[in-house]
Amino acid sequence: MDRLEAMSLFVAVVEAGSLSAAARRFGIPLATVSRKVSDLERHLNTRLLNRSPRRLTPTNAGEAYLAACRRILDDVDEAERTAAGEYSAPTGELAITAPVVFGRLHVLPVVTGFLAAYPDVNIRLTLVDRITQLVEDHFDLALRIGQLPDSSLVALGVGAIRRVVCASPAYLAEHGTPMSLDDLNAHGCVTFEGLASAAQWIFASGKREVTVPVRSRLQVNTAEAAIDAAIAGVGPTKVLSYQVDAAVRSGMLRILLREFEPEPWPVSLVHAGHGLLPVKLRAFLDFAAPRLKERLARLG
């Protein structure tokens, strides 16, 4: 029995929640995965998985063995990268994740510049609007927007993002410009459910946050739709500063109520940071951090 292969399959089964999903990940028959996991259980003389029709979960013994497998496989992976030269020259693949719109507008240009400067490094860039797990989802680096929870991950701050209210000049000319939070009561707003509720927006008054009721004339589920509706004159909307930067610079939208904006959200590059960093990751951090800081600074 190839124990490293069996460990890898066992970890994949637990992470995917099924034998069939693990088989698809490795591109091997389902029967092979099932046999190798069963062989591993016989070798250890213990049951590693609770089997149910819907999902496989590790037993208590399986949980302990899973943690040990991950440590062993990480050590083997690091040893192979060292032998292959990843710690002496930037080479290999980097897996990076970022939010969809920010990633397209700001991370992708940095990535393309890095690829031109480092021809021996390949990058897998995954843009998704959900929090990914770096280790479990096999990412080397993530760009995160917002306060970070306490964890063992290492974060490098590269700037901040504002939460802004904006409306089109034509709408403001017809309906008036809100100068205070109370003035919002007179306006029908475009609400974006990904950032705030359809019933209330959060602002700052001095050092405290205040919640202001808003009247939603149009509720959408993407920032792009909210911005387009605001440009069309439906009403004010509340989005993130990078999402609306192009429309503001072109004059299609104006930012309102600046003095009441809540604290900006930090933007960070996050990685596991265990042991010596591969040169490819260190090189990308050194390349990307100042360029992202410059881009975010231009957003104001």
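In what follows, the structure referred to is the one given above.
Figured I'd write up the structure that's included with this text. Everything numeric here is computed off the predicted structure, so don't read it as measured data.

**A few points about the overall build of the chain**
So, point 1. Within the chain, the secondary structure is distributed over nine helices and 14 strands.
So, point 2. In summary, the chain has a C-alpha radius of gyration of 24 Å against a globular reference of 19 Å for 300 residues, an excess of more than 25%.
So, point 3. Here the chain holds 300 residues, and the buried ones make up 43% of them.
So, point 4. Counted over contacts in the chain with a minimum sequence separation of 6, partners at least 24 positions apart contribute 72%.
So, point 5. For the chain, the exposed surface amounts to about 15600 Å²; the carbon and sulfur share of it is 52%.
So, point 6. For the chain, the separation between the mean place of its 33 positive charges and that of its 32 negative charges on side chains is 3 Å.

**Section: the packing of aromatic side chains**
So, point 1. Per the counting criterion, the structure on display carries five aromatic pairs.
So, point 2. Between phenylalanine 114 and tyrosine 118 the ring centres are 4.5 Å apart and the planes differ by 25°, which places this aromatic pair in the stacked class.
So, point 3. Taking relative accessible area as the criterion, tyrosine 118 reaches 27% and is therefore assigned partly exposed.
So, point 4. Relative to phenylalanine 287, the ring of phenylalanine 114 lies with its centre 5.6 Å away and its plane at 75°, an arrangement referred to as edge-to-face. Separated by 173 residues along the polypeptide, phenylalanine 114 in helix α5 (residues 100-117) and phenylalanine 287 in helix α9 (residues 279-299) bring together distant segments of the chain. Here the two residues phenylalanine 114 and phenylalanine 287 agree in accessibility, since each one is buried.
So, point 5. An aromatic cluster of at least three residues, connected via ring pairs, comprises Phe114, Tyr118, Phe284 and Phe287.

**Regarding the nonpolar core**
So, point 1. Judged by nonpolar contacts, the single largest core of 30 residues is most densely connected at Phe102, Ile123, Leu143, Ile161, Leu269, Phe284 and Leu292.
So, point 2. Those elements that place two or more of their residues in this core are β3 (92-98), α5, β4 (121-127), β5 (141-145), β6 (154-161), β14 (265-271) and α9.
So, point 3. Considering every element that reaches this core, the biggest residue donor is α9, with 10 residues.
So, point 4. Among residues more than four places away in sequence, those in contact with isoleucine 123 are Leu94, Ile96, Val111, Phe114, Leu115 and Phe284.
So, point 5. In this structure, Phe10, Val11, Ala12 and Leu56 belong to the second largest nonpolar core, which totals 20 residues.

**What to know about α9**
So, point 1. Over its 21 residues, α9 runs 31 Å from end to end, which matches the ideal 30 Å to within 8%, given 1.5 Å per residue.
So, point 2. Where α9 bends most, at alanine 288, the angle is about 25°, and the proline proline 290 comes one to four residues later.
So, point 3. For α9, the full list of buried residues reads Lys280, Leu281, Ala283, Phe284, Leu285, Phe287, Ala288, Ala289, Leu292, Leu296 and Leu299.

**Examining empty space enclosed by the protein**
So, point 1. Under the defined criterion, the tally for this structure stands at one cavity of 30 Å³ or more.
So, point 2. Its volume calculated, the largest cavity comes out at about 40 Å³.
So, point 3. Every residue along the wall of the largest cavity is listed here: Ile96, Val107, Val110, Leu141, Ala142, Leu143, Leu269, Phe284, Ala288 and Leu292.
So, point 4. Counting only elements with at least two residues in the lining of the largest cavity, the list comes to α5, β5 and α9.
So, point 5. When its residues are assigned to classes, the lining of the largest cavity shows 10 nonpolar, no polar and no charged.

**A few points about the environment of alanine 31**
So, point 1. Within the secondary structure layout, alanine 31 lies in helix α3 (residues 30-44).
So, point 2. Residue class for alanine 31 comes out exposed when judged on its relative accessible area of 57%.

**What to know about the environment of glutamate 174**
So, point 1. Checked against the element boundaries, glutamate 174 lands in helix α6 (residues 169-175).
So, point 2. For the pair glutamate 174 and glycine 233, spaced 59 residues apart in the sequence, the C-alpha separation amounts to 9.5 Å.

**Describing helix α7 (residues 223-231)**
So, point 1. Ala223, Ala226, Ile227, Ala229 and Ala230 are the residues of α7 that are buried. One side of α7 carries all its buried residues, which in axial view fall inside an arc of 165°.
So, point 2. Buried residues belonging to α7 abut β8 (188-192), β11 (215-220), β12 (237-240) and α8 (241-249).
So, point 3. In the stretch just after α7, glycine 233 is the one whose phi turns positive, near 95°.

**Notes on the sheet that holds β6**
So, point 1. Reading across from one edge, β4-β3-β5-β14-β6 is the order of the five strands in this open sheet, with mixed pairing throughout. Of all the strands in the sheet, the pair left with one neighbour each is β4 and β6. Mean inter-strand twist for the sheet, computed between neighbouring axes without regard to direction, equals 20°.
So, point 2. In this sheet, β5 lies alongside β3 in parallel orientation, the contact comprising two bridges. Note that in β5 the partner of threonine 97 across the bridge is alanine 142.
So, point 3. Contacting β3, β4, β5, β6 and β14, α5 crosses the sheet at an angle of about 175° to β4.

Calculation criteria
- Residues numbered from 1 in each chain as written.
- Predicted model: local features only at pLDDT ≥ 70, side-chain atom pairs only at ≥ 80, totals over all residues.
- Heavy atoms only, no water.
- Helix = DSSP H or I, 4+ residues; strand = E, 2+ residues; numbered from the N terminus.
- Rg over C-alpha atoms; globule rule 2.2 N^0.38 Å.
- Buried < 20%, exposed > 50% of the residue type's maximum accessible area, 1.4 Å probe, protein only.
- Contact = heavy atoms within 4.5 Å.
- Areas by Shrake-Rupley, 256 points an atom, 1.4 Å probe, with all protein chains shown as cover.
- Lys, Arg positive; Asp, Glu negative; His and termini not counted.
- Charge placed at Lys NZ, Arg CZ, Asp CG, Glu CD.
- Phe/Tyr/Trp six-rings, centres within 6.5 Å; stacked < 30°, edge-to-face > 60°.
- Core = buried A, V, L, I, M, F, W, Y, C linked by side-chain atoms within 4.5 Å.
- Expected span 1.5 Å × (residues − 1).
- Bend = angle between axes of the 7 residues up to and from the residue.
- 1 Å grid on protein atoms, 1.4 Å probe; cavity = no way out; pocket = protein on both sides within 12 Å on 5 of 7 lines; lining within 4 Å.
- Points joined across faces, edges and corners; volume = space filled by probe spheres on them.
- Nonpolar A, V, L, I, M, F, W, Y, C, P; charged D, E, K, R; others polar.
- Arc of directions from axis to C-beta.
- Pairing = 2+ DSSP bridges.
- Axes fitted to C-alpha atoms, helices over the stretch in contact; angles between N-to-C directions.

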